[in-house]
Amino acid sequence: MKWANLYFFGFVVLLAGVVAALWKVGVLERVGAGWTAIGIVIALGIGIMVSVASSGRKESIQIEK
């Protein structure tokens with residue numbers, strides 16, 4: 001889980017950089033706060049799904065009776 005957390009942290013930093021750049025250029029003022037929040041939530045959801053999907057090895061657990 002450590003690498004998944006690190007990956008997600010990097011994704012959040014990247015997303016913050018993109019939002020800051022869009023704010024500096026003035027794009028966020030034209031789009032509006034509602035659509036900006038929706039876009040951020042969608043991007044965070046994609047980041048969570050990708051970080052969980054790429055975390056660790058996929059193994060089957062054998063249960064002995």
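Residues numbered from 1 in each chain as written. Predicted model: local features only at pLDDT ≥ 70, side-chain atom pairs only at ≥ 80, totals over all residues. Heavy atoms only, no water.

1. Describing the confidence of the model for the protein
In regions of low pLDDT, the predicted coordinates are not meant to be interpreted in detail.
1) Next: When the pLDDT values of the protein are averaged, the result is 84; 91% of them are 70 or greater.
2) Next: Of all helices and strands in the protein, the one with the weakest mean pLDDT is helix H1 (residues 2-25) (86), whereas helix H2 (residues 27-31) scores best (88). (pLDDT = per-residue confidence, 0-100. Helix = DSSP H or I, 4+ residues; strand = E, 2+ residues; numbered from the N terminus.)

2. Looking at helix H3 (residues 33-53)
1) Next: With 21 residues, H3 extends 30 Å between its outermost C-alpha atoms, agreeing within 8% with the 30 Å of an ideal straight helix rising 1.5 Å per residue.
2) Next: Among the residues making up H3, those that are buried are Thr-36, Ala-43, Gly-47 and Ser-51. For H3, the angular spread of buried residues about the axis comes to 65°, placing them on one side. Seen from the open side of H3, the exposed residues pointing more than 90 degrees away from its buried face are Trp-35, Val-41, Met-49, Val-52 and Ala-53. (Expected span 1.5 Å × (residues − 1). Buried < 20%, exposed > 50% of the residue type's maximum accessible area, 1.4 Å probe, protein only. Arc of directions from axis to C-beta.)

3. Section: a nonpolar patch on the surface
1) Next: Together, Tyr-7, Val-31, Trp-35, Ile-38, Ile-42, Ile-46, Met-49 and Val-50 give the surface a local cluster of nonpolar side chains, amounting to about 810 Å² of exposed area.
2) Next: Broken down by element, the nonpolar patch gets its largest block of residues, 6 residues, from H3.
3) Next: Positionally, Ile-42 belongs in helix H3. (Patch = residues over 30% accessible without salt bridge, like charges linked within 9 Å, V, L, I, M, F, W, Y side chains within 5 Å. Areas by Shrake-Rupley, 256 points an atom, 1.4 Å probe, with all protein chains shown as cover. Salt bridge = Lys/Arg side-chain N within 4 Å of Asp/Glu carboxyl O.)

4. Overview of the side chain of Ser-51
1) Next: Position of Ser-51 among the secondary structure elements: in helix H3.
2) Next: Classification of Ser-51 as buried rests on a relative accessible area of 4%.
3) Next: Polar side-chain contacts of Ser-51 include one of 3.0 Å to the backbone oxygen of Ile-48.
4) Next: Residues contacting Ser-51, with those up to four places away along its chain left out, are Ala-4, Tyr-7 and Phe-8. (Polar contact = N/O pair within 3.5 Å; in protein donor to acceptor, adjacent residues only side chain to side chain. Contact = heavy atoms within 4.5 Å.)

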